[in-house]
Structures are given as structure tokens and as C-alpha cells.
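Here are the chains, one letter per residue:
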Amino acid sequence: MMRMPPYADLLGLVVETGADGTPVLMMPFATEVLGRPGFLHGGAISGLMEMAAIVALHDALAEDGGGEIKPINVTVDFMRGGRDKETRAKGVITRLGTRVANVEATAWQDDPAKPIAAARMNYLIVRS
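Residues numbered from 1 in each chain as written. Predicted model: local features only at pLDDT ≥ 70, side-chain atom pairs only at ≥ 80, totals over all residues. Heavy atoms only, no water.

A closer look at the sheet that holds strand 4 (residues 87-96)
Across the sheet, six strands lie side by side as 1-2-4-5-6-3; this open sheet has antiparallel pairing. The open sheet has two free edges, formed respectively by strand 1 (14-17) and strand 3 (67-78), since each of these has just one partner strand. Shown here is a sheet whose adjacent strand axes are inclined to one another by a mean of 30°, direction ignored. Sheet analysis places strand 3 next to strand 6 (residues 117-127), joined by eleven bridges and oriented antiparallel. (Pairing = 2+ DSSP bridges. Helix = DSSP H or I, 4+ residues; strand = E, 2+ residues; numbered from the N terminus. Axes fitted to C-alpha atoms, helices over the stretch in contact; angles between N-to-C directions.)

So, the pairing of strand 4
Where strand 2 (residues 23-27) lies against strand 4, three bridges are found, and the strand directions are antiparallel. Looking at strand 4, one finds that Leu25 is bridged to Ala89. With eight bridges connecting them, strand 4 and strand 5 (residues 100-108) associate as antiparallel partners. Bridge pairing in strand 5 links Ile93 to Val103. Hairpin geometry of strand 4 and strand 5 is characterised by an intervening segment of three residues between the two adjacent antiparallel strands.

A few points about the pattern of salt bridges
Throughout the structure, instances matching the rule amount to five salt bridges. Taking the shortest distance from any N to any O, the salt bridge between Glu16 and Arg88 comes out at 2.8 Å. Of this pair, Glu16 sits in strand 1 while Arg88 sits in strand 4, and the two are 72 residues apart along the sequence. Taking the relative accessible area as the measure of exposure, Glu16 reaches 25% and is therefore partly exposed. Between Lys90 and Asp20 there is a salt bridge, with the nearest N and O atoms lying 2.7 Å from each other. Placement of the pair is Lys90 in strand 4 and Asp20 in the loop between strand 1 and strand 2, with a sequence separation of 70 residues. (Salt bridge = Lys/Arg side-chain N within 4 Å of Asp/Glu carboxyl O. Buried < 20%, exposed > 50% of the residue type's maximum accessible area, 1.4 Å probe, protein only.)

Let's talk about helix 2 (residues 42-63)
Here helix 2 is 22 residues long and its end C-alpha atoms lie 32 Å apart, about the 32 Å a rise of 1.5 Å per residue gives. The first or second residue beyond helix 2 is Gly65, which carries a positive phi of 100°. (Expected span 1.5 Å × (residues − 1).)

So, the side chain of Thr87
With respect to the secondary-structure elements, Thr87 resides in strand 4. Here the side chain of Thr87 touches Lys85 through a polar contact of 3.4 Å, landing on its backbone oxygen. Those residues in contact with Thr87 that sit more than four places away from it in its chain are Leu25, Met26, Met27, Leu40, Leu48, Ala107, Trp108, Gln109 and Ile116. (Polar contact = N/O pair within 3.5 Å; in protein donor to acceptor, adjacent residues only side chain to side chain. Contact = heavy atoms within 4.5 Å.)

Some words on the confidence of the model for the protein
Per-residue pLDDT for the protein averages 92, and the proportion of residues at 70 or more is 98%. Looking over the protein, one finds the lowest element-wise mean pLDDT in helix 1 (residues 6-11), namely 89, and the highest in strand 5, namely 98. (pLDDT = per-residue confidence, 0-100.)

Side note on the packing of aromatic side chains
Per the counting criterion, the structure on display carries zero aromatic pairs. Here the basic side chain of Arg36 rests over the ring of Phe39, its NZ or CZ set 3.9 Å away from the ring centre. (Phe/Tyr/Trp six-rings, centres within 6.5 Å; stacked < 30°, edge-to-face > 60°. Lys NZ or Arg CZ within 6 Å of the ring centre and 35° of its normal.)

A closer look at the nonpolar core
Ranked by internal contacts, the top residues of the largest apolar core, which has 31 residues, are Leu13, Leu25, Met27, Met49 and Tyr123. Of all the secondary structure elements, the ones that give two or more residues to this core are helix 1, strand 2, helix 2, strand 5 and strand 6. Tallying contributions element by element places helix 2 first for this core, with eleven residues. Those residues within four positions of Tyr123 in sequence are excluded, and the remaining contacts are Glu50, Ala53, Ile54, Leu57, Ile69, Lys70, Pro71, Ile72, Arg99, Val100, Ala101 and Val103. (Core = buried A, V, L, I, M, F, W, Y, C linked by side-chain atoms within 4.5 Å.)

This is how it looks when you write it as C-alpha cells:
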């Protein structure tokens, strides 16, 4: 497993293993991720999904010879307010090319089928 950026520590992220064996990130609720009273800050939710995408991409690249990644763009859709409870996110690679990767991530609280937010990210890959 890769070492996550310092922002992951600030969010308190913990790596769990999903039912299919892939990494799922869990962000505990804390005052540091609070936006308006009782709700998560959108930046914390976005950061959680970005970290989930990075973890998924680094795992895939490790199996494919390695490489560094640089973000090209990120689009986030907020679907409902994140409440004051644990939040999880998972990244799924939709395309892993030789120079560009497309990754989707979702964040949820109680039910993965009812996400609170979704993101689409494109990364430039610099192969090792």
C-alpha cells in the first residue's frame, strides 16, 4: 500500500478492505471536517474521494510497472449532505492508458448504493 499524502492524515483517513478486496478509505467524523453545523465540509468529502482515487490508481500502477501521477482535472457532484458520521469512499479506474488514467470515486455513509458525492478524475501518468 502506498504512503498517502499529508492531507490524508489531516482528514484522519483509514484504509479498509472492501468486500471485493479493493481498498476503501474511511474518514471518521471530527470537528476538523465540519462545514455547517452537523454536516461535513464539501472540501473534506472531495479530498476523501481524491485520496480514494489516488490509492486505487497507485495500486493499479504497482501491478503495471509503476509510475507517478499528476492530476489533469477533477469534477465533483454533491448529491446529499454528509452527516456527522463515518464516511467511506472508493476509487474505480475506468481506463488505464499509457499516459492518461480516468478514475471515478464515490463517497457514502450508510449505504454504498446511496452515495453522498461522486467524482470523475483524469490523471497524467509518467511511467517508471
